[in-house]
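Structural overview
What follows is each chain in one-letter form.
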Amino acid sequence: MTTQLGLPETVQACLFDLDGVVTRTAVVHAAAWKETFDAFLRGRDGEDFRPFTDSDYGEYVDGRPRADGVRTFLASRSIGLPEGDPDDPPDRQTVNGLGNRKNELLLKKIRTDGVEAYDGTLRYIEAVRAAGLRTAIVSSSANTADVLRSIDAERLFDTRIDGVVARERGLPGKPRPDTFLAAARDLGVDPSRAAVFEDALAGMDAGRSGHFGYVVGVDRVGQRDALYAHGADRVVEDLADLGSGE
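This write-up is about the structure you can find in this document. (Residues numbered from 1 in each chain as written. Predicted model: local features only at pLDDT ≥ 70, side-chain atom pairs only at ≥ 80, totals over all residues. Heavy atoms only, no water.)

What about helix α8 (residues 178-187)?
Most of α8 is tucked away, with seven of its 10 residues classed as buried. Among all positions of α8, only Asp178, Thr179, Phe180, Ala182, Ala183, Ala184 and Leu187 are buried. Looking at the buried positions of α8, the neighbouring elements they touch are β1 (13-16), β2 (134-138), β3 (159-161), α7 (163-169), β4 (194-198) and α9 (201-209). Looking one or two places after α8, you find glycine 188, whose phi comes out positive at around 70 degrees. (Buried < 20%, exposed > 50% of the residue type's maximum accessible area, 1.4 Å probe, protein only. Helix = DSSP H or I, 4+ residues; strand = E, 2+ residues; numbered from the N terminus. Contact = heavy atoms within 4.5 Å.)

Next comes the structure, spelled out in structure tokens:
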């Protein structure tokens with residue numbers, strides 16, 4: 001049985017990813033990653049380099065912590081770099097240096113263009129809270145608090161597990177389920193009674209391996225079949241569709 005929210009009646013908490021689910025920032029992340037990796041690959045291989053693609057973003061980077069995204073993509077090209085340190089400057093040829101270069105570009109794009117929220121998601125979260133369910137934001141981004149503040153959405157979440165909190169607690173990122181599991185613990189809810197909302201394939205994997213009660217895939221870029229293949233119980237183009245039976 002499902003409720004008017006489109007969720008099983010057993011669900012007591014909703015765990016939302018940020019980029020691509022709550023905010024329209026996934027495309028900004030993808031652009032910052034492309035600029036970062038293409039510059040690196042061009043410098044390494046010359047003008048005949050093979051560019052970073054949308055498929056690379058979805059397969060190796062999207063939803064993962066920054067350093068994990070660098071490692072995973074570079075491994076797909078059989079490239080190894082020293083780890084470096086988390087505070088490496090963005091021009092240093094290390095895993096952390098590349099990740100910091102991406103973050104520098106991301107923040108510049110956000111400052112220039114601002115951040116937009118998905119109105120359908122905000123309305124859905126308001127309805128979730130009105131129904132008495134608890135809510136969490138779960139993101140690999142270290143900029144989550146600032147982004148939520150910029151769209152006046154901090155009040156919509158009972159707890160936040162992001163890149164900063166994950167680092168403090170030593171939590172591995174998606175596709176491991178640890179950050180979602182931590183959010184459920186913070187809310188005092190068993191994972192089997194929590195729903196995960198994600199747009200990234202790595203997030204689907206985390207929801208499946210964490211044995212959450214329901215996993216909703218949000219398809220912003222035409223990857224419906226892939227979201228189901230990675231563990232979604234239901235896929236929608238917008239969370240406003242969840243209660244509609246579509």
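Having seen it, we continue.
Considerations on the packing of aromatic side chains
Taken as a whole, this structure holds eight aromatic pairs when the rule is applied. Arranged with centres 5.1 Å apart and planes meeting at 40 degrees, the rings of phenylalanine 37 and phenylalanine 52 form a pair that is tilted. Placement of the pair is phenylalanine 37 in helix α1 (residues 26-45) and phenylalanine 52 in the loop between α1 and α2 (54-61), with a sequence separation of 15 residues. Taken together, the aromatic side chains of Phe16, Tyr124, Phe157 and Phe197 make up a single cluster linked through ring pairs. Sitting over the ring of tyrosine 118, arginine 220 keeps its end group 3.4 Å from the ring centre. (Phe/Tyr/Trp six-rings, centres within 6.5 Å; stacked < 30°, edge-to-face > 60°. Lys NZ or Arg CZ within 6 Å of the ring centre and 35° of its normal.)

Thoughts on the sheet that holds β4
With respect to topology, six strands assemble into an open sheet ordered β3-β2-β1-β4-β5-β6, the strand pairing being parallel. Because the sheet does not close on itself, it has two edges, and the strands there are β3 and β6 (234-236). The mean angle between the axes of side-by-side strands here comes to 20 degrees, regardless of whether they run parallel or antiparallel. Here β1 pairs with β4 via four bridges, running parallel. Paired with cysteine 14 across the bridge in β4 is alanine 195. (Pairing = 2+ DSSP bridges. Axes fitted to C-alpha atoms, helices over the stretch in contact; angles between N-to-C directions.)

Details of the side chain of histidine 29
Note on placement: histidine 29 falls in helix α1. The exposure class of histidine 29 is buried, given its relative accessible area of 9%. There is a polar contact of 3.0 Å between the side chain of histidine 29 and the side chain of aspartate 19. For histidine 29, the contacting residues outside a window of four places in its chain are Asp19, Tyr57, Lys102 and Leu106. (Polar contact = N/O pair within 3.5 Å; in protein donor to acceptor, adjacent residues only side chain to side chain.)

Quick notes on unusual backbone geometry
Of the consecutive residues lysine 174 and proline 175, the connecting peptide bond is found in the cis state with omega at 15 degrees. Inspection of the secondary structure assignment puts proline 175 in the loop between α7 and α8. In this structure, serine 78 is a non-glycine residue whose phi angle is positive, near 55 degrees. Tracing the chain through its elements places serine 78 in the loop between α3 (66-76) and α4 (95-113). Positive phi is not limited to glycine here, since aspartate 152 has a value of about 55 degrees. Following the sequence through the fold, aspartate 152 ends up in the loop between α6 (144-150) and β3. You can call aspartate 152 exposed: its relative accessible area is 53%.

Section: the pattern of salt bridges
Counted by the stated rule, this structure contains 22 salt bridges. With its nearest N and O atoms 3.1 Å apart, the salt bridge here joins arginine 44 to aspartate 45. Of the charged contacts in the structure, one is a salt bridge between arginine 155 and glutamate 126, with a shortest N-O distance of 3.1 Å. You can see arginine 155 sitting in the loop between α6 and β3 and its partner glutamate 126 sitting in helix α5 (residues 119-130), a full 29 residues away along the chain. (Salt bridge = Lys/Arg side-chain N within 4 Å of Asp/Glu carboxyl O.)

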